[in-house]
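Analysis of the macromolecular model
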Amino acid sequence: MTERLKAALDGNCASKDDLETLNRTQHMQGIWIAAKASVSWKSQWRRFAGRARGNIEYVHPADLAAVARSGFDSFAAKPAHVETLVAMFTASPAKGFAAGKEISLGAVPVEYASEEHCDACNGRKRVRCTNCVWGQVTCTGCYGSGTYHSSGRTSPCGVCNGSGKRGCVTCGTLQTVACQPCGQTGIFTTIHTGHIHADVVYEVHTPAGQDESWTKALTKSGHAWLAEAGFVSPPHVSRHAGGVGVGWDVKVPVLGQKFRIKGKEYQARYVGRTDRMWRLPHFLDDLMNQGSYILKNAKAADAFSLSRNVRVLDAIRSVVLHRNRPDEVLAASFENAVSVSFIEGVRRTLESKRDAIARSTIRSVWSYAAVALTTGALVALASGQIRMLLASFNPNQHQPDAAAGAALVGGLFLAASLGITWLLAGLAGRSAVRTVLETDAERLPSQGRTPIFAAAGSLAVYAACAYLLVGGSPNSAVASVSRPAPAAAARPAPAPPPIPFDSIPHVKPPTVPWVR
C-alpha cells in the first residue's frame, strides 16, 4: 500500500521521499452471511377449444383446482429440489452470494386438465342455421310469391319453380352449420400448469466481538463483492422440509495507514485481499492547489507549458489536446488521490485557453468565408446562372417559378457551404493550436457562438437580397403564373339559315295489312 501511495505522489508537486509513514493498523472484520431458500410453486391456467396434448391428467371440472394444487405440492416437496439448491449455493462463494431473490427449478412435468361440452353446440360440433327455416329461405326472385309478372303476363318464377322457396346457401339445406366458438370440436379444455421455484432471503450479521459499523459500511451496497474481497469459510448447510439454509463466515482484511506529506498528516484505509481503496484523502488536491491557481492566471501557451511539469496536470493536458477520457478514469489512474472536481476544474481551464489560441483564427476564417460565400451566391443568382441551370433540367418551367426556385437552390447551396466552413474553421483552429503549442493536437477546439452568428447573418443577408432580386415571394410569383388571363368578350353566334321546307320531298308511309 505504501508503494502505491508513493507512485501516486511522485511527480505531482512532490516526490515519493516526501511521504513519511507514521503508523499502520490491520485487522480482520468478521461478517456472517446466511441464505435461506424455501421451495414453492406457481401455477397458470388457460382455457381453449379442443383437446390438450402432452402428459395430461384429466379430472372432473369441479375437482380440477384442488387436484392441481395437491399435485404441485407433492412435486415441490421432493428432496431433489433441496439437493439442487445445495449444489448451487455450495458451488462457489461467488455463486452462493449472488443467487438472486428467486431461483427457477423447472416446470412440473404433469399438467392437470378438465373437459367440458361447448355451451353453444352442447358437444354436437354443429349448431342450427339461423338464416333459414328447415333448410329453406324465401326466394329473392319472386319474394316468396312463386310468380313473375312481365308485360302484363304472369308466369311461374324461374328461380324457385313457383314454390316461393329455395335451398339455403349458408347451410346447404342441412339446417346446421359448424360451431364457431369451439372450432367444431364440441369441447372446451381448462388446463393448469405448474412451475417450481425457490424464494431466497439473505441476512447479514455481525459476529460477537466485531465492529457493527464496519459490517454496515461493507454491505451497504450489497454483499456479493465480499466473495472476492474476503476470506470465505466452507459453507454451513442445514436442510429442512421444503428448503435449505446456508451460511458463510467471511473475514475481510481492513488495512489502515497514517502518513505525513510535507508536514500535513493523512490517513488512508484499504479493504479486501487486493487492497481495494476504501477511503483515501485527496492529498494531491492540497499539493496542486497552487499550481492550478498559476494555470488560471497564466497565458495560454505558458499554461500548457507549465502543465508538462506535473504528472496529473500533464495527463489532463493530454486529454484536452489528444483524446477524451472520463474524469473518473483519470482519477482512478492516480489511486483516487486527486478528486474528480479538481480534474474537472483544471480541464475546463486548459480547454478555455486552448480555445483562446484558436479563437482569432476561427473568427478570421468565418469572417472571410461568410462574406465570400454570400457574395458569390448573390452574384450567381443575379447573373442568372442558377436559373439557367434549373432551366436545363426543366425547359417548360415558367419564368417566375424559375426565379423562386433559383433563390431557394442558392440558399441551400449557401447553407451547405457554411457547414463545410464549420469543418474548415475547426481544422484551421487546430492548426493554430499545433503551431503555438508545438504539439500534434488531435481534438478540434470549440468554436463558440461564432458559427451561429456568421451563418445567421449570411442567410439573412442572402434572403433579403434574393427577395429584392426575384421581385416578390415565391407564393406571389406562383399565384401570378397560375392566374388565368381574362377571356375576350364572346361574340354572338350567327343565326342559322332558314330551312327550305318546299324542297323536302313528301313520303307516304307504308301500309300495314293487319293494322286497321
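Note that this is a predicted model, so its numbers are computed, not measured. (Residues numbered from 1 in each chain as written. Predicted model: local features only at pLDDT ≥ 70, side-chain atom pairs only at ≥ 80, totals over all residues. Heavy atoms only, no water.)

1. Here we look at the overall build of the protein
Helix and strand content of the protein: 15 helices and 16 strands. The proportion of buried residues among the 516 residues of the protein is 35%. In the protein, the proportion of contacts linking residues at least 24 apart, taken out of those at least 6 apart, comes to 75%. Accessible surface computed for the protein: about 30700 Å², of which carbon and sulfur atoms make up 56%. (Helix = DSSP H or I, 4+ residues; strand = E, 2+ residues; numbered from the N terminus. Buried < 20%, exposed > 50% of the residue type's maximum accessible area, 1.4 Å probe, protein only. Contact = heavy atoms within 4.5 Å. Areas by Shrake-Rupley, 256 points an atom, 1.4 Å probe, with all protein chains shown as cover.)

2. Overview of the packing of helix α9 (residues 311-321) against helix α11 (residues 340-382)
For the pair α9 and α11, interaxial distance at closest approach is 9 Å and the crossing angle is 50 degrees. Here α9 is positioned oblique relative to α11, judged by the angle of their axes. Considering only the axes of α9 and α11, their crossing is right-handed. Together, L313, I316, R317, V319, V320 and L321 of α9 and F342, I343, V346, R347, L350, E351 and R354 of α11 make up the contact between the two elements. (Axes fitted to C-alpha atoms, helices over the stretch in contact; angles between N-to-C directions. Parallel < 35°, antiparallel > 145°, perpendicular 65-115°, else oblique. Left-handed = near helix turned anticlockwise from the far one by under 90°.)

3. Details of the packing of aromatic side chains
Counted according to the given criterion, the structure contains seven aromatic pairs. Each ring, one from F72 and one from Y112, has its centre 5.7 Å from the other, and the planes form 75 degrees; the classification is edge-to-face. Here the residue F72 occupies a position in helix α2 (residues 64-76), and Y112 occupies one in strand β4 (residues 111-117), the gap between them amounting to 40 residues. Taking relative accessible area as the criterion, F72 reaches 1% and is therefore assigned buried. Given the relative accessible area of 7%, Y112 is considered buried. Seen in terms of ring centroids, F259 and F283 are 5.8 Å apart; in terms of plane orientation they differ by 80 degrees. Their pairing is edge-to-face. Pair noted here: F259 is in strand β14 (residues 243-261) and F283 is in helix α7 (residues 283-297), with a separation of 24 residues, a long-range link. (Phe/Tyr/Trp six-rings, centres within 6.5 Å; stacked < 30°, edge-to-face > 60°.)

4. Notes on the side chain of Q257
Considering the arrangement of structural elements, one finds Q257 in strand β14. Looking at Q257, its side chain comes within polar contact range of the side chain of T21, at 3.1 Å. (Polar contact = N/O pair within 3.5 Å; in protein donor to acceptor, adjacent residues only side chain to side chain.)

5. Some remarks on the pairing of strand β8 (residues 153-156)
Where strand β7 (residues 147-150) meets β8, four bridges bridge the pair, whose relative direction is antiparallel. Across the sheet, residue Y148 finds its bridge partner in β8, namely S155. (Pairing = 2+ DSSP bridges.)

6. A few points about the nonpolar core
Ranked by internal contacts, the top residues of the largest apolar core, which has 56 residues, are F283, L284 and V338. For this core, the leading source of residues is α11, giving twelve residues. Listed in part, the 34 residues of the second largest apolar core include I31, L64, A68 and F75. (Core = buried A, V, L, I, M, F, W, Y, C linked by side-chain atoms within 4.5 Å.)

7. A look at the packing of α7 against α11
Interhelical geometry of α7 versus α11 gives an angle of 15 degrees and a closest axis separation of 11 Å. Relative to α11, α7 is oriented roughly parallel. The chirality of how α7 crosses α11 is left-handed. Facing α7, whose interface residues are D285, M288, N289, S292, L295 and K296, α11 presents F342, V346, T349 and K353. Of the residues in the contact of α7 with α11, the class split is four nonpolar, three polar and three charged. (Nonpolar A, V, L, I, M, F, W, Y, C, P; charged D, E, K, R; others polar.)

8. A look at the confidence of the model for the protein
On average, residues of the protein score 84 in pLDDT, and 87% of them reach the 70 mark or higher. Here helix α15 (residues 474-482) stands out as the least confident element of the protein, with mean pLDDT 41; strand β11 (residues 187-205) is the most confident, with 95. Within the model, pLDDT remains below 50 along residues 472-485, and this stretch shows eight contacts once partners closer than five positions in the same chain are excluded. Low pLDDT (under 50) marks residues 509-516, which in the prediction has zero contacts with non-local residues, meaning those over four places away or in another chain. (pLDDT = per-residue confidence, 0-100.)

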